[in-house]
Amino acid sequence: MTVDTARPTAAPEDRTTEARGILRANDRGGYTVPTERLYPFQWNWDSLFVALGWAEFDPVRATAEIDTLFRAQRPSGMIPHIVFWTEESTYFPGPDVWRTAPVEPSGSGISQPPVAATIVRRLVEAGLSLDRGHVEAIERWHAWWHRARDPEQQGVIAISHPWESGRDNLPDWDAPLAAVDTSGVQPYERRDLALVDAAMRPHQSDYDRYLALVDYGARHGWDDAAIAEGSPFWVADVGISSILLRAERDLAWLTRRLGLDPAAVEHRIARLTAGYEQFWNPDVGAYCSFDLRTGRHADAGTSASFLAAYAGVDARLGEVIDELDRWAKACTYLVPSFDPRHEKFEPLRYWRGPVWGMVNYMIATGLADVGADDWAQRIRTSTHDLILASGMPESFDPMTGTAVGGGSFAWTAAIWLTWAGQDS
Ligand code: DGY
């Protein structure tokens, strides 16, 4: 097969203009939709990465993005993965399926990777003023993750739904999802397939399970204890755990900056650090998520396997980089979301292969932190080349570099503005 490697089609300064234009076009007044129609609401981790992009040319707007998201924080401290500020007909499942009312604003019943502390720290380091309210909201959100998603204090964070990982249809979730009973799922109409090529989206059998899990949570009133006890999907996610561990370190920094004692945060950092080794799968030679119901690890690495350095865990740095090197030899652009040598690798299907700009940003940040500057630079260059050649879609084919998923995507634009489009 001929590899149709993407070629640059724009000058960097044009991409910068385009990126700003995408943020402005996706702005709904205080929050930015990831892309119109396909994702027409506020998405949690999207918004936080997008704040980095806004900060490059409108710092006030960056702060507003975070304020708006935090206004949706629940009494438990949880911040939903989607906030339904408006009614829109182009997305399914909406509020009537999630059934989180009467709590306002209406939102989903699950959360998403907690990148807030890391983003806020970066904004403060860039000169934005530190908002004590933001730090308090983050503290309550982090405490929720530990209480609700690691109730037995194992030092690993569970997800109760693939969407909670933010990496929806990874092959990691296939085996745990197989146990989810879909017999009660009522007929429904997907809206995503009217907007994006079905070859780039999750299979129908995955969607049935996603909906069965939403129904499970709704029937249990989104009660955290009931979900931890009985959710048919309960998986320790190396992605969430790495992102939370990094965020806790950044929260400790923010707490000190306010002149407060971060002892409680340090305690949680120690627990997550001690727990991290549980992700190591010696059969694969990578950090892998594992099913907390069966104890079984996923049988392949994912892009989250390279987040250990970002989390501040460098115990197996050499092995992690060796594996990254093997991946690099198997694809054209770093970092595919799933092992490009594995039989389940699909370069176009959402999280089963495509490269995501904001994941690259996190991996490269971690590698630079531990002095692996050459790898950090290679990943940044890949991201830069992909965006230069293919613009700002949701994600990219790691073999050809072509655009995958939704177009005019806010977090890809933000990653260009804050990192990939900057001089190294
Ligand atoms: C979707 O609907 O595909 C979203 O990723 C869920 O968050």
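Residues numbered from 1 in each chain as written. Predicted model: local features only at pLDDT ≥ 70, side-chain atom pairs only at ≥ 80, totals over all residues. Heavy atoms only, no water.

1. Looking at the sheet that holds strand β7 (residues 290-291)
Next, step 1: Taken in spatial order, the three strands line up as β3-β4-β7 in an open sheet, and their pairing is antiparallel. What marks the edges here is a single partner per strand, and that holds for β3 (158-159) and β7.
Next, step 2: Alignment of strand β4 (residues 235-236) against β7, held across two bridges, turns out to be antiparallel. Across the sheet, the residue bridging to alanine 236 is phenylalanine 290, located in β7. (Pairing = 2+ DSSP bridges. Helix = DSSP H or I, 4+ residues; strand = E, 2+ residues; numbered from the N terminus.)

2. Side note on the site of the ligand
Next, step 1: Neighbouring the ligand are Tyr39, Trp43, His81, Tyr91, Trp163, Asp168, Arg201, Tyr207 and Tyr350.
Next, step 2: At a separation of 2.8 Å, an oxygen atom of the ligand approaches a polar side-chain atom of histidine 81.
Next, step 3: Put simply, the ligand lies in the largest cavity.
Next, step 4: In the shell around the ligand, the residues fall into six nonpolar, one polar and two charged. (Near = heavy atom within 4 Å. Polar contact = N/O pair within 3.5 Å; in protein donor to acceptor, adjacent residues only side chain to side chain. 1 Å grid on protein atoms, 1.4 Å probe; cavity = no way out; pocket = protein on both sides within 12 Å on 5 of 7 lines; lining within 4 Å. Sits in = over half its atoms within 2 Å of the grid points. Nonpolar A, V, L, I, M, F, W, Y, C, P; charged D, E, K, R; others polar.)

3. Some words on the packing of helix α2 (residues 44-55) against helix α3 (residues 59-70)
Two quantities define a packed helix pair, namely the angle between the axes and the distance from one axis to the other.
Next, step 1: Interaxial distance between α2 and α3 falls to 7 Å at its minimum, and their mutual angle equals 165°. When the axis of α2 is compared with that of α3, the two are roughly antiparallel. Handedness of the crossing formed by α2 with α3: left-handed. Along the contact surface, α2 presents Asn44, Ser47, Leu48, Val50, Ala51, Trp54 and Ala55, while α3 presents Pro59, Arg61, Ala62, Glu65, Ile66 and Leu69. (Axes fitted to C-alpha atoms, helices over the stretch in contact; angles between N-to-C directions. Parallel < 35°, antiparallel > 145°, perpendicular 65-115°, else oblique. Left-handed = near helix turned anticlockwise from the far one by under 90°. Contact = heavy atoms within 4.5 Å.)

4. What about the packing of aromatic side chains?
Next, step 1: One pass over the full model with this rule turns up 30 aromatic pairs.
Next, step 2: Pairing tyrosine 39 with tryptophan 43 gives two aromatic rings, centres 5.0 Å apart and planes at 65°, and the pair type is edge-to-face. Side by side, tyrosine 39 and tryptophan 43 carry an identical accessibility label, which is buried.
Next, step 3: Considering the side-chain rings of tyrosine 39 and phenylalanine 409, the 5.8 Å spacing of their centres and the 85° angle between planes classify their relative orientation as edge-to-face. Taken together, the positions of tyrosine 39 in the loop between α1 (12-26) and β1 (42-43) and phenylalanine 409 in the loop between β9 (403-404) and α17 (410-420) put the pair 370 residues apart, joining distant regions of the chain. Phenylalanine 409 matches tyrosine 39 in its accessibility class, with the two residues each being buried. (Phe/Tyr/Trp six-rings, centres within 6.5 Å; stacked < 30°, edge-to-face > 60°. Buried < 20%, exposed > 50% of the residue type's maximum accessible area, 1.4 Å probe, protein only.)

5. A short note on helix α15 (residues 357-369)
Next, step 1: If you check α15, its first and last C-alpha atoms are 18 Å apart, about what 13 residues at 1.5 Å a residue would give, namely 18 Å.
Next, step 2: Burial of α15 is extensive: eleven of the 13 residues sit out of reach of the surface.
Next, step 3: All buried positions along α15 are accounted for by Gly357, Met358, Val359, Asn360, Tyr361, Met362, Ile363, Ala364, Thr365, Gly366 and Leu367.
Next, step 4: Immediately beyond the C-terminal end of α15, within one or two residues, lies glycine 371, with a positive phi of roughly 90°. (Expected span 1.5 Å × (residues − 1).)

6. Side note on empty space enclosed by the protein
Next, step 1: Enumeration over the complete set of coordinates arrives at five cavities of 30 Å³ or more.
Next, step 2: What the largest cavity holds in volume is close to 210 Å³.
Next, step 3: Considering only residue class, the lining of the largest cavity consists of 13 nonpolar, three polar and five charged.
Next, step 4: In terms of lining residues, the second largest cavity is bounded by Ile110, Ser160, His161, Leu213, Tyr216, Gly217, Trp222, Ile227 and Ser231.
Next, step 5: With three residues, the top contributor of residues to the lining of the second largest cavity is helix α9 (residues 204-219).
Next, step 6: When the residues that make up the lining of the second largest cavity are grouped by side-chain class, the tally is five nonpolar, four polar and no charged. (Points joined across faces, edges and corners; volume = space filled by probe spheres on them.)

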